[in-house]
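# Structural features, examined
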Amino acid sequence: MNARLRLVADRTAERPVPPADPLCEEPGPGAARCLGLYAKLAAGVTVVTARGEDGPLGMTVSAVTSLSARPPLLLACLRDGSRTLAAVRARRAFAVHLLREEQQDLAGRFASPTTTAAERFAGTDTRQVLGVPVLAGSLAWSVCLTEDVRRYGDHHLVVGRVAAVHVGAGRPLLWHDRRFGALTDPVSGAAG
């Protein structure tokens, strides 16, 4: 009996130990240094919205980019654990709104962790497009059908197939160096 127990114990000891979380163990600069680098990336400010069980949800997102023209795909990076991400996964549809340079207050409202969903949408002109809440007055918007969601670190990459789109006139609100900004016209006659 003891030999049998010893054999089982030896086999258990030979099993490989699962690796630790690679995101925590990966060598490289700390999060603060990486965030400093990320702050230098200029980005258009967007609000991503989705239909939740109790009504519209949304959040400000600066990591949105075009992915493909054929088929038309957008990519948005949503924070892990957000209610908007949960709604995107559950309903399989979302909208991306590129904000105008004068919509800083709207961007701040949708970015605030203490603002409720109802407060975020209060006073906004919202309509439904393909079952998704769309904010009127944005520079451009698209409604996307969720193609894929994958977790990377503390965010999820969400790929959406563009199903409806509207593009207006105006100038985009930008995010750079942890503050809002706007495009400036080039100085005429300046050497390039």
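Refer to the structure printed above.
Our subject in this report is the structure included herewith. Here the structure is a predicted model, which is why all the values come from computation and not from measurement. (Residues numbered from 1 in each chain as written. Predicted model: local features only at pLDDT ≥ 70, side-chain atom pairs only at ≥ 80, totals over all residues. Heavy atoms only, no water.)

## Considerations on helix α4 (residues 83–91)
What counts, and what does not: Here's how the labels work: a residue is buried when its accessible area is under 20% of the maximum for its type, exposed when over 50%, partly exposed in between, all with a 1.4 Å probe on protein chains only. Segments assigned H or I by DSSP are reported as helices when at least four residues long, segments assigned E as strands when at least two residues long, and all are numbered from the N terminus. Think of the arc as the fan of directions from the helix axis to the C-beta atoms. We call two residues in contact whenever any of their non-hydrogen atoms come within 4.5 Å of each other.
What α4 keeps buried is the set T84, L85, A87 and V88. Around the axis of α4, the buried residues are gathered within 160° of arc, so they sit on the same side. Of the exposed residues in α4, the ones pointing more than 90 degrees away from its buried face are R83 and A90. Against β2 (46–52), β3 (55–61), β5 (73–79), β6 (93–98), β9 (140–152) and β10 (155–167) lie the buried residues of α4.

## Let's talk about the nonpolar core
Filter applied, for reference: For the purposes of this section, nonpolar cores are sets of buried Ala, Val, Leu, Ile, Met, Phe, Trp, Tyr and Cys residues that join through side-chain atoms within 4.5 Å.
Among the nonpolar cores identified, the biggest contains 16 residues, and V48, L78, V88, F94 and V158 are the most heavily contacted of them. Looking at this core, the elements with two or more residues in it are β2, β3, β5, α4, β6 and β9. Setting aside its immediate chain neighbours within four residues, L78 contacts V48, M59, V61, L85, V88, H155, H156 and V158. Residues V47, A107, F110 and F121 belong to the second largest nonpolar core, which totals 9 residues.

## Looking at the packing of aromatic side chains
The test is simple: In this analysis, rings of Phe, Tyr and Trp, with Trp reduced to its six-membered ring, are considered paired at centre separations within 6.5 Å, and the interplanar angle assigns stacked below 30 degrees, edge-to-face beyond 60, and tilted for intermediate values.
Inspection of the entire model under this criterion finds 2 aromatic pairs. Ring centres of F110 and F121 lie 5.1 Å apart, and the angle between their planes is 80°; on these two criteria the pair is classed as edge-to-face. Of the two residues, F110 is situated in helix α5 (residues 104–111) and F121 in helix α6 (residues 117–121); the sequence distance between them amounts to 11 residues. You'll find F110 and F121 in the same group, each marked buried. Judged by centre distance (5.0 Å) and plane angle (70°), the rings of W175 and F180 are edge-to-face. Taking the relative accessible area as the measure of exposure, W175 reaches 29% and is therefore partly exposed.

## Examining the sheet that holds β2
Working definition: the strands of a sheet are paired by backbone hydrogen bonds and lie parallel or antiparallel to each other. Just so we agree on the cut-off: In this scheme, strands are said to pair when DSSP sees at least two bridges between them. Lines fitted to the C-alpha atoms define the axes, with helices restricted to the stretch that makes contact. Angles between their N-to-C directions range from 0 to 180 degrees.
Across the sheet, 7 strands lie side by side as β3-β2-β6-β9-β10-β5-β4; this open sheet has antiparallel pairing. Single-partner strands in this sheet number two, and they are β3 and β4 (64–68). With strand direction ignored, the average angle separating the axes of adjacent strands in the sheet is 35°. Here β5 pairs with β10 via 7 bridges, running antiparallel.

## Re the environment of G55
Examined against the element boundaries, G55 turns out to sit in strand β3. In sequence terms G55 and P133 are 78 residues apart; their C-alpha atoms lie 9.0 Å from each other.

## Brief notes about the pairing of β5
For β5, the buried fraction is high: 6 of the 7 residues fall into the buried class. Examined bridge by bridge, β4 and β5 share 4 bridges and lie antiparallel to one another. Bridge assignment links S66 to a residue of β5, and that residue is L74. Here β4 folds back onto β5, and the loop between the two strands holds 4 residues.

## Some points on the pairing of strand β8 (residues 132–135)
Neither face of β8 is exposed, since V132 and V134 on one face and P133 and L135 on the opposite face are all buried. Across 4 bridges, strand β7 (residues 126–129) lies against β8 in antiparallel orientation. Each residue of the ladder has a partner; that of T126, found in β8, is L135. Where β7 folds back on β8, the antiparallel hairpin that results is connected by 2 residues, among which L130 adopts a positive phi of roughly 55°.

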